[in-house]
Amino acid sequence: MWTPLITLIGLVLLTAAGAATAVAVTTTDQQRALRALTLLKILLGATLGTSAA
């Protein structure tokens, strides 16, 4: 029961991190890129278990 749940949470975090990376790299709007980078830091911190500060 726990394995599929943990796997699903991991996949959701990795998918969101990939989307934030794509937005941060491809957008031309500076504010949007900054928000995407902030979100990416938070998601990577949650995924890797480190501080996102």
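Shown above is the structure to which this text applies.
None of the values given here were measured: they were computed from a predicted structure.

A. Local environment of the overall build of the protein. Regarding its fold elements, the protein presents two helices and zero strands. Its C-alpha atoms give the protein a radius of gyration of 13 Å, clearly above 10 Å, the size a compact globule of 53 residues would have. The C-alpha extent of the protein, read off along each of the three principal axes, is 45 × 20 × 10 Å. Counting every position in the protein, which comprises 53 residues, the buried fraction comes to 13%. Just so you have it, the protein exposes about 4100 Å², and 71% of that area is on carbon and sulfur atoms.

B. Representation of the packing of helix α1 (residues 2-26) against helix α2 (residues 30-48) in the model. One way to put it is that α1 packs onto α2 with a least axis distance of 8 Å and a crossing angle of 155°. Taken together, the axes of α1 and α2 are roughly antiparallel relative to one another. Pair α1 / α2 crosses with left-handed handedness. Packed against α1, whose contacting residues are Leu 13, Leu 14, Ala 16, Ala 17, Ala 20, Thr 21, Val 23 and Ala 24, the element α2 presents Arg 32, Ala 33, Ala 36, Leu 37, Leu 39, Leu 40, Leu 43, Ala 46 and Thr 47 at the interface. Along the lines of polarity and charge, the residues of the contact of α1 with α2 split into 14 nonpolar, two polar and one charged.

Analysis parameters
Residues numbered from 1 in each chain as written. Predicted model: local features only at pLDDT ≥ 70, side-chain atom pairs only at ≥ 80, totals over all residues. Heavy atoms only, no water. Helix = DSSP H or I, 4+ residues; strand = E, 2+ residues; numbered from the N terminus. Rg over C-alpha atoms; globule rule 2.2 N^0.38 Å. Buried < 20%, exposed > 50% of the residue type's maximum accessible area, 1.4 Å probe, protein only. Areas by Shrake-Rupley, 256 points an atom, 1.4 Å probe, with all protein chains shown as cover. Axes fitted to C-alpha atoms, helices over the stretch in contact; angles between N-to-C directions. Parallel < 35°, antiparallel > 145°, perpendicular 65-115°, else oblique. Left-handed = near helix turned anticlockwise from the far one by under 90°. Contact = heavy atoms within 4.5 Å. Nonpolar A, V, L, I, M, F, W, Y, C, P; charged D, E, K, R; others polar.

Purely geometric numbers; function is a separate question.
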